[in-house]
Amino acid sequence: MKIKATILLFSTAMLLAASFSVPASGGAALEPSGANINDTASLQRGAKWFVNYCLGCHSLDYQRYNRLAKDLQLSEEEVMQNLVLSDAKFGDTMSIAMSEEQGEAWFGKAPPDLSLVGRSRGGDWLYAYLRGFYQDKSGNWNNTALANAAMPHVLWQLQGIQTPVYRQETNEQGYEHEVIAHFELTTPGIQSEQEYDETARDLTAFLLYVGEPAALQRKGIGVWVILFLVLFTFIAYLLKVEYWRDVH
Ligand code: HEC
């Protein structure tokens, strides 16, 4: 009996461990993004922001427009009119013309393909990154999630410009140095703070979806699989009771 209980406990623990997905990058605690890939309206807004503000530099080489249409419940016309800004066809991938060499020459670092960034970085990191751009003392863009990021703050007109307010801190060796205490919105943007958070959340949801389009179906099917397993366990239990009645 004891062995049985141990096995049960062990397999439950394994199942639990497997059910949590851990993004590759760790680091400091991040604010939860609140992005929801099952919110179709949010994904549609995210897609629109993405093609207007990001697709100029970042490709999504594993995402096709027609798949996008199906998953985001858009018609071919809607996609072709609102989301295809190049001469790409409905069945094409969301690729771009910029080569890696050009990217490197222009930005110092080639803008990476973002097909899998939702998986490698996770939603909370993406949300922090999109909200983390600030202008430092010398007027350069920097980012709290990715120090010295080579990407300019392409959404600054929406968010506005935030600049850090510093405070002095003494480290273990007794040296004083400046750390960012908080940010101040020195130039307001078109959007309010809440609206910009929403934009960042929509973009995050969109990139999470692109990282695993099948997640939309997978999670839907998963519920039925679990229900089936529960039902089947019950049937198996009844069967066991029936068999053991004769043995006892
Ligand atoms: C002007 C070109 C340009 C545009 C437009 C642009 N980016 Fe970037 N992006 C870059 C470059 C360059 C990097 C590489 C930064 C680095 O590693 O220092 C980058 C990096 C990133 C990363 C980090 C990838 C990683 O894992 O390190 C993310 C996420 C990202 N961009 C998202 C976006 C989103 C979302 C948009 C649209 C709102 C956008 N980018 C628009 C140039 C651009």
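Refer to the preceding data block for the structure.
Residues numbered from 1 in each chain as written. Predicted model: local features only at pLDDT ≥ 70, side-chain atom pairs only at ≥ 80, totals over all residues. Heavy atoms only, no water.

1. Brief notes about the coordination of the iron atom of the ligand
Around a metal, the idealised angle for a tetrahedral arrangement of four donor atoms is 109.5 degrees; for an octahedral arrangement of six donor atoms it is 90 or 180 degrees. Listed as protein donors to the iron atom of the ligand are H58 (NE2) and M151 (SD); their distances from the metal cover 1.9 to 2.1 Å. Each of the six donor atoms bound to the iron atom of the ligand contributes to angles spanning 88 to 180°, and the resulting shape is octahedral. Of this pair, H58 sits in the loop between α2 (40-53) and β1 (60-64) while M151 sits in the loop between β4 (141-143) and α8 (156-159), and the two are 93 residues apart along the sequence. Taking the relative accessible area as the measure of exposure, M151 reaches 21% and is therefore partly exposed. (Donors = N, O, S within 2.8 Å, 3.2 Å for Na, K, Ca; no water. Tetrahedral: all angles 85-135°; square planar, octahedral: opposite > 155°, others 65-115°. Helix = DSSP H or I, 4+ residues; strand = E, 2+ residues; numbered from the N terminus. Buried < 20%, exposed > 50% of the residue type's maximum accessible area, 1.4 Å probe, protein only.)

2. Here's the deal with the packing of helix α7 (residues 123-131) against helix α9 (residues 193-211)
Where α7 meets α9, the closest approach of the two axes is 9 Å, and the angle between their N-to-C directions is 140°. In terms of orientation, α7 lies oblique with respect to α9. You can see that α7 and α9 cross each other, and the crossing is right-handed. Between α7, through G123, L126, Y127, L130 and R131, and α9, the contact on the second element is made entirely by Y196, D197, A200, R201, L203, T204, L207 and L208. (Axes fitted to C-alpha atoms, helices over the stretch in contact; angles between N-to-C directions. Parallel < 35°, antiparallel > 145°, perpendicular 65-115°, else oblique. Left-handed = near helix turned anticlockwise from the far one by under 90°. Contact = heavy atoms within 4.5 Å.)

3. What about α7?
Since the α-helix packs 3.6 residues into each turn, any two residues three or four apart lie on the same face. Counting buried positions over the nine residues of α7 gives seven, a clear majority of the element. For α7, the set of buried residues is G123, W125, L126, Y127, A128, Y129 and L130. Packed against the buried residues of α7 are α6 (117-121), β3 (133-135), β4, α8 and α9.

4. Looking at the pairing of strand β6 (residues 176-188)
Relative to β6, strand β5 (residues 160-170) runs antiparallel, the two being bridged by eleven bridges. Directly across from T170, in β6, lies its bridge partner E176. The hairpin turn running from β5 into β6, its antiparallel successor, is five residues long, and G174 in that turn takes a positive phi close to 90°. (Pairing = 2+ DSSP bridges.)

5. Notes on the environment of S192
Tracing the backbone through its elements, the reader meets S192 in the loop between β6 and α9. In this structure S192 comes out as partly exposed when scored by relative accessible area, which is 32%. Sequence separation between S192 and L158 is 34 residues; the distance between their C-alpha atoms is 8.3 Å.

6. Some thoughts on a nonpolar patch on the surface
Judged by side-chain polarity, I221, V225, I226, F228, L229, V230 and F232 come together as a nonpolar surface patch covering roughly 690 Å² of accessible area. Mapped onto the fold, I226 is located in helix α10 (residues 215-247). By relative accessible area, which is 52% here, I226 ends up exposed. (Patch = residues over 30% accessible without salt bridge, like charges linked within 9 Å, V, L, I, M, F, W, Y side chains within 5 Å. Areas by Shrake-Rupley, 256 points an atom, 1.4 Å probe, with all protein chains shown as cover. Salt bridge = Lys/Arg side-chain N within 4 Å of Asp/Glu carboxyl O.)

7. Considerations on the site of the ligand
Taken together, 21 residues lie around the ligand, and C54, C57, H58, A150 and M151 are the ones closest in. R121 places a polar side-chain atom, nitrogen or oxygen, 2.8 Å from an oxygen atom of the ligand. One nitrogen or oxygen atom from the main chain of A150 is found 2.7 Å from an oxygen atom belonging to the ligand. Among the elements of the structure, α6 and α7 are those that each provide at least two residues to the shell around the ligand. Taken together, the residues that form the shell around the ligand break down as 18 nonpolar, one polar and two charged. (Near = heavy atom within 4 Å. Polar contact = N/O pair within 3.5 Å; in protein donor to acceptor, adjacent residues only side chain to side chain. Nonpolar A, V, L, I, M, F, W, Y, C, P; charged D, E, K, R; others polar.)

8. Some thoughts on the nonpolar core
Ranked by internal contacts, the top residues of the largest apolar core, which has 39 residues, are F50, L60, Y65, F206 and Y209. Listed by contribution, the elements that provide at least two residues to this core are α2, α3 (65-71), α7, α9 and α10. Residue contributions to this core peak at eight residues, all from α9. Residues contacting Y209, with those up to four places away along its chain left out, are I37, L43, Q63, R67, L68, D71, L72 and L216. (Core = buried A, V, L, I, M, F, W, Y, C linked by side-chain atoms within 4.5 Å.)

9. Side note on the packing of aromatic side chains
If you walk through the whole model with that rule in mind, you get seven aromatic pairs. With a centroid separation of 5.9 Å and an interplanar angle of 45°, the aromatic rings of W49 and Y53 are classed as tilted. You can see W49 and its partner Y53 sitting in helix α2, four residues apart, about one turn around the helix. By relative accessible area, W49 is classed as partly exposed at 21%. Among the aromatic residues, ring-to-ring pairing joins F50, F206 and Y209 into one connected group. Sitting over the face of the ring of W125, R121 holds its NZ or CZ atom 4.0 Å from the ring centroid. For the cation-ring pair, K137 lies above Y166, with the distance from its terminal atom to the ring centre recorded as 4.7 Å. (Phe/Tyr/Trp six-rings, centres within 6.5 Å; stacked < 30°, edge-to-face > 60°. Lys NZ or Arg CZ within 6 Å of the ring centre and 35° of its normal.)

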